[in-house]
Amino acid sequence: MKNFQNKIVWITGASAGIGEEMARQLNQKGATIILSARRKEALEKVQQSLPFPEKSYVMTIDMEAPTTFTDKVKEVIQKFGKIDLLFLNAGISQRSYAAQTDISVDRRLMEINYFGPVALTKILLPFLQKQTESNIAVNSSLAGKFGFYERSAYSASKFALHGFFESLRLEEAEHNVNVNMLCAIGIKTGISQNALDGNGKPFAKTSAMQEEGIAVDDCVSQMVAAIENNKKEVIIGKGAQRFSTKIKEFLPELFFKMLQKRKP
Ligand SMILES: NC(=O)c1ccc[n+]([C@@H]2O[C@H](COP(=O)([O-])OP(=O)(O)OC[C@H]3O[C@@H](n4cnc5c(N)ncnc54)[C@H](OP(=O)(O)O)[C@@H]3O)[C@@H](O)[C@H]2O)c1
């Protein structure tokens, strides 16, 4: 996607954090933004803060309610006729050891982070196939490339996205549906506040990873550049985090010891 001028962009999880900032940056670049998440009031607040609020549309969505997705897709297609970029960003994290995590938490994270995006994509896909070109940008995580302490369910849900969307990228290349996998780590948002503990309750604390992390506007600028340059995958992190997938691949024993030192 070379530029965003007059493009139609649908963002899930646009009421806060990375999705909110993506809405702002792409609206500034001339795109019309469909702002989706569960909280209508928060979406309307984001809408009013956009550089060009008249080029935006609020439509609530709950990624845990896939039976509503056909109507949501119908609504955006009827209103805009096409979607140039679907930014699958809505997501929730976890802060608990696997041994202390109820299976209902694993299932909930899979519903929100994996099955929701997959179901929405399947319903939108027939429309994307008819367009000259489109992009699906998936906000995975570095936790989608390797497991980490207190992230067993989160990491699994993000790994699953890679399996699905890498297959989809191959299958849909003939329809010019491009897939960008965005793998960030430690971005200063409310993600750890909103994360679930082992019993499914809000963690409600700011993790060190977020406190010491990258500013959200910096992260989003890197994501925008990755979409503009049609990168198949991008890692967004600080220092050695950027090379972590290479270290894992070539020096797996060293990598394991490095991660062990990050025990919370
Ligand atoms: N922050 C990081 O360090 C980091 C690193 C790598 C990847 N990511 C990924 O980035 C994405 C955005 O996270 P963030 O850091 O911006 O966190 P955030 O500030 O907590 O924002 C999460 C967004 O997802 C929405 N959301 C949550 N559950 C939803 C549901 N059931 N249906 C629809 N929307 C839902 C929230 O809106 P409502 O509450 O209004 O529904 C909110 O807009 C996530 O997929 C996360 O995994 C974050």
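Look up: the structure comes first, before these words.
A brief structural summary. (Residues numbered from 1 in each chain as written. Predicted model: local features only at pLDDT ≥ 70, side-chain atom pairs only at ≥ 80, totals over all residues. Heavy atoms only, no water.)

### Overview of the packing of aromatic side chains
Considering all chains together, one arrives at six aromatic pairs under this definition. Seen from their ring centres, Phe-164 and Phe-165 are 4.9 Å apart, and the 80° between their planes marks the pair as edge-to-face. Each residue in the set Tyr-97, Phe-148 and Tyr-149 is aromatic and connected to the rest through ring pairs, giving one cluster. The ring of Phe-80 has Lys-79 sitting right over it, with the charged end atom 5.9 Å from the ring centre. (Phe/Tyr/Trp six-rings, centres within 6.5 Å; stacked < 30°, edge-to-face > 60°. Lys NZ or Arg CZ within 6 Å of the ring centre and 35° of its normal.)

### Quick notes on unusual backbone geometry
Here Asn-176, not a glycine, exhibits a phi torsion of approximately 55°, which is positive. A relative accessible area of 37% places Asn-176 in the partly exposed class. Backbone geometry places Ala-204, a non-glycine residue, at a positive phi of 60°. (Buried < 20%, exposed > 50% of the residue type's maximum accessible area, 1.4 Å probe, protein only.)

### What about the site of the ligand?
Taken together, the neighbourhood of the ligand is formed by 28 residues, with Arg-38, Asn-89, Tyr-154, Ile-187 and Thr-189 sitting nearest. Note that an oxygen atom of the ligand is positioned 2.8 Å from one of the side-chain N or O atoms of Ser-15. Relative to its unbound accessible surface of 880 Å², the ligand loses 96% to contact with the protein. Of all the elements in the fold, those that place two or more residues in the shell around the ligand are α1 (17-28), α5 (152-172) and α6 (191-194). The class makeup of the residues in the shell around the ligand is eleven nonpolar, 13 polar and four charged. (Near = heavy atom within 4 Å. Polar contact = N/O pair within 3.5 Å; in protein donor to acceptor, adjacent residues only side chain to side chain. Areas by Shrake-Rupley, 256 points an atom, 1.4 Å probe, with all protein chains shown as cover. Helix = DSSP H or I, 4+ residues; strand = E, 2+ residues; numbered from the N terminus. Nonpolar A, V, L, I, M, F, W, Y, C, P; charged D, E, K, R; others polar.)

### Focus on the state of the cysteines
Applying the stated criterion across every chain, the model contains zero disulfides. The thiol of Cys-183 is not disulfide-bonded; the next cysteine sulfur, from Cys-219, is found 11 Å away. Under the relative-accessibility criterion, Cys-183 is labelled buried at 0%. (Disulfide = S-S within 2.5 Å.)

### Side note on the nonpolar core
Counting 37 residues, the largest nonpolar core has Trp-10, Ile-83, Leu-86, Leu-120, Leu-124, Ile-136 and Phe-165 as the members making the most contacts within it. Secondary-structure elements contributing two or more residues to this core are β1 (8-12), α3 (69-80), β4 (85-88), α4 (103-130), β5 (134-139), α5 and β6 (177-184). The element that contributes the greatest number of residues to this core is α4, accounting for nine residues. Those residues in contact with Leu-124 that lie beyond four places of it in its chain are Trp-10, Val-73, Ile-77, Ile-83 and Leu-86. Of all hydrophobic cores here, the second largest spans 33 residues; its members include Val-9, Val-46, Val-234 and Ile-236. (Core = buried A, V, L, I, M, F, W, Y, C linked by side-chain atoms within 4.5 Å. Contact = heavy atoms within 4.5 Å.)

### As for a nonpolar patch on the surface
Nonpolar side chains collect at one region of the surface, where Phe-250, Leu-251, Leu-254 and Met-258 lie side by side and expose about 400 Å² of accessible area between them. You can see Met-258 is positioned in helix α10 (residues 252-260). Taking the relative accessible area as the measure of exposure, Met-258 reaches 32% and is therefore partly exposed. (Patch = residues over 30% accessible without salt bridge, like charges linked within 9 Å, V, L, I, M, F, W, Y side chains within 5 Å. Salt bridge = Lys/Arg side-chain N within 4 Å of Asp/Glu carboxyl O.)

### Digging into the packing of α1 against helix α8 (residues 216-228)
Interaxial distance between α1 and α8 falls to 9 Å at its minimum, and their mutual angle equals 60°. With respect to each other, α1 and α8 are oriented oblique. Helix-helix and strand crossings are classified by hand; for α1 and α8 the assignment is right-handed. Contact residues: α1 offers Gly-17, Ile-18, Glu-21, Met-22, Gln-25 and Leu-26, while α8 offers Val-216, Asp-217, Cys-219, Val-220, Ser-221, Met-223, Val-224 and Ile-227. Grouping the constituent residues of the contact of α1 with α8 by class yields nine nonpolar, three polar and two charged. (Axes fitted to C-alpha atoms, helices over the stretch in contact; angles between N-to-C directions. Parallel < 35°, antiparallel > 145°, perpendicular 65-115°, else oblique. Left-handed = near helix turned anticlockwise from the far one by under 90°.)

### Digging into the side chain of Lys-7
Tracing the chain through its elements places Lys-7 in the segment before β1. Here Lys-7 occupies a buried position and makes no salt bridge, while the nearest side chain of opposite charge, Asp-84, is found at 5.7 Å. Residue contacts for Lys-7: discarding those within four places in its chain leaves Gly-30, Ala-31, Thr-32 and Asp-84. (Lys, Arg positive; Asp, Glu negative; His and termini not counted.)

### Structural notes on α8
Taking 1.5 Å of rise per residue, the 13 residues of α8 would be expected to cover 18 Å, and the 18 Å separating its terminal C-alpha atoms lies within 8% of that figure. Against the buried residues of α8 lie α1, β4, β5, β6 and β7 (233-236). (Expected span 1.5 Å × (residues − 1).)

### Description of the pairing of β1
Within β1, five of the five residues are buried, which leaves it mostly tucked inside the rest of the structure. Taking every second residue as pointing to the same face, both faces of β1 are buried, with Ile-8, Trp-10 and Thr-12 on one and Val-9 and Ile-11 on the other. Inspection of the sheet shows β1 paired to strand β2 (residues 32-36) by five bridges, in the parallel sense. Opposite Ile-11, over in β2, you have Leu-35 as the bridge partner. What joins β1 to β2 is α1, and the crossover it makes is right-handed. For β1 and β4, the ladder comprises three bridges, and the chain directions are parallel. Opposite Ile-11, over in β4, you have Phe-87 as the bridge partner. (Pairing = 2+ DSSP bridges. Right-handed = clockwise from strand over helix to strand, strands pointing away.)

Treat this as a map of the structure, not an account of what it does.
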